[in-house]
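Commentary on secondary and tertiary structure
Given next are the chains, with one letter for each unit.
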Amino acid sequence: MSPLLSARGLTMQFRGLLAVDGVDVDVATGSVHGIIGPNGAGKTTLFNLVSGLLQPTSGTLTLEGRDVTASPPYARTRLGLARTFQNIRVFSDMTALENVLTGMHTRLETPGWKALLPGSGAGERAAKAQAMELLEFVGLTDRANVRSGSLAYGEQRRLEIARALASRPRLLLLDEPAAGMNPAETRELAVLLRRLGERDISLLLVEHDMRFVMDLCDRITVLNFGRKIAEGDPLSIRNDPQVIEAYLGKKVAERLSRMLDA
Ligand SMILES: Nc1ncnc2c1ncn2[C@@H]1O[C@H](COP(=O)(O)OP(=O)(O)OP(=O)(O)O)[C@@H](O)[C@H]1O
């Protein structure tokens with residue numbers, strides 16, 4: 001089966017700096033794929049290239065076999081790509097339900113926000129029912145009519161995911177989904193993300209929380225100084241000497257390896 005998302009030689013140069021340097025990545029249908037790497041490795045830049053916020057200096061990107069290298073973000077959304085942001089972006093003055101309805105505008109004939117207007121009848125009811133189903137899926141049914149700005153942090157993150165799901169993505173990009181969460185919220189999030197597979201949604205995520213990444217991902221790509229230095233399942237990545245060295249520095253990695261060998 002051809003990959004859902006495929007990057008070939010993806011490169012992004014900011015003036016003299018190669019933030020992403022000739023990266024090849026395939027995200028398989030049905031997989032949870034993590035991107036990790038030390039600070040400044042190029043993870044966010046890679047993510048912005050995939051979602052279309054940045055145009056690569058060179059390289060190609062295909063989504064289900066279609067070349068989307070030059071497509072703007074909204075066109076990628078129509079083709080099945082959705083994302084959440086590191087700094088949660090919900091509309092804090094809208095209710096949770098209204099936020100999810102805004103996420104439907106890419107695929108509804110009656111845009112989500114219009115469905116909120118009185119008198120839009122069947123369209124309004126159908127859109128609300130779908131939005132409520134998504135709120136139920138993320139565990140926020142009883143918060144539907146609460147102003148989003150007053151939700152707890154972990155709830156806002158789940159709301160952002162519900163809104164992203166409203167565009168019916170095939171691939172959901174999550175930028176540091178566990179950032180700022182307490183351990184209980186992180187565990188709940190992992191359970192929720194695993195259940196996305198039941199909906200035929202694949203995941204590509206950037207994350208610093210190693211335990212979260214190792215527990216959740218089927219496959220991990222490791223970047224360092226913009227280059228891909230390793231790729232594989234969590235166990236092989238955990239034991240990869242180049243990955244250990246990238247995180248710990250050469251000297252510490254060598255000392256650790258000597259200690260483990262002794
Ligand atoms: N718009 C930009 N202009 C110039 N340089 C940039 C720009 N965006 C990122 N960079 C540089 O590109 C490199 C990669 O940055 P990026 O934010 O992609 O790394 P990262 O792996 O996401 O880091 P972190 O884990 O700290 O978020 C860094 O050296 C960064 O300073």
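Structure shown above.
In this text, all values refer to a predicted model and were calculated from it rather than measured experimentally.

Let's talk about the site of the ligand
Looking at the ligand, the residues that line it are F14, L17, A19, P38, N39, G40, A41, G42, K43, T44, T45 and H208. The separation between an oxygen atom of the ligand and a polar side-chain atom of N39 is 3.4 Å. One of the side-chain nitrogen or oxygen atoms of T44 is found 2.7 Å away from an oxygen atom of the ligand. Look at the ligand: alone it shows 630 Å² of surface, and the protein chains cover 58% of it. At the level of secondary structure, the elements contributing two or more residues to the shell around the ligand comprise β2 (17-27) and α1 (43-51). A total of three residues in the shell around the ligand trace back to one element, the largest contributor, which is α1.

Things to note about the pattern of salt bridges
For the structure on display, the rule yields eleven salt bridges. As a salt-bridge pair, R8 and D26 come within 2.9 Å of each other at their nearest N and O atoms. You can see R8 sitting in strand β1 (residues 5-14) and its partner D26 sitting in strand β2, a full 18 residues away along the chain. Classification of R8 by relative accessible area gives partly exposed; the value is 38%. Among the residues examined, D26 registers a relative accessible area of 29% and is labelled partly exposed.

Re the nonpolar core
Judged by nonpolar contacts, the single largest core of 47 residues is most densely connected at L172 and L193. A domain-level breakdown of this core finds at least three residues from each of domain 1 (1-80 + 169-262) and domain 2 (90-168). If near-sequence neighbours (up to four positions away) are discounted, L172 is found in contact with A82, R83, I161, A164, L165, L196, I201, S202, L203 and L204. Counting 24 residues, the second largest nonpolar core, distinct from the first, contains A7, A41, L49 and V50.

Focus: the packing of helix α5 (residues 153-165) against helix α6 (residues 183-195)
The interhelical angle for the contact between α5 and α6, taken along N-to-C directions, is 15°, at an axis separation of 10 Å. As judged from the angle between their axes, α5 and α6 are roughly parallel. Regarding α5 and α6, the two cross each other, and that crossing is right-handed. When α5 is examined against α6, the residues Y153, G154, R157, R158 and I161 are found in contact with a partner set consisting of E185, E188, L189, L192 and L193. When the residues that make up the contact of α5 with α6 are grouped by side-chain class, the tally is five nonpolar, one polar and four charged.

Observations regarding the packing of aromatic side chains
Counting across every chain of the model gives zero aromatic pairs. R199 extends its terminal NZ or CZ atom over the ring of F137, reaching a point 4.1 Å from the ring centre.

What counts and what doesn't
- Residues numbered from 1 in each chain as written.
- Predicted model: local features only at pLDDT ≥ 70, side-chain atom pairs only at ≥ 80, totals over all residues.
- Heavy atoms only, no water.
- Near = heavy atom within 4 Å.
- Polar contact = N/O pair within 3.5 Å; in protein donor to acceptor, adjacent residues only side chain to side chain.
- Areas by Shrake-Rupley, 256 points an atom, 1.4 Å probe, with all protein chains shown as cover.
- Helix = DSSP H or I, 4+ residues; strand = E, 2+ residues; numbered from the N terminus.
- Salt bridge = Lys/Arg side-chain N within 4 Å of Asp/Glu carboxyl O.
- Buried < 20%, exposed > 50% of the residue type's maximum accessible area, 1.4 Å probe, protein only.
- Core = buried A, V, L, I, M, F, W, Y, C linked by side-chain atoms within 4.5 Å.
- Domains from an automatic or database assignment.
- Contact = heavy atoms within 4.5 Å.
- Axes fitted to C-alpha atoms, helices over the stretch in contact; angles between N-to-C directions.
- Parallel < 35°, antiparallel > 145°, perpendicular 65-115°, else oblique.
- Left-handed = near helix turned anticlockwise from the far one by under 90°.
- Nonpolar A, V, L, I, M, F, W, Y, C, P; charged D, E, K, R; others polar.
- Phe/Tyr/Trp six-rings, centres within 6.5 Å; stacked < 30°, edge-to-face > 60°.
- Lys NZ or Arg CZ within 6 Å of the ring centre and 35° of its normal.

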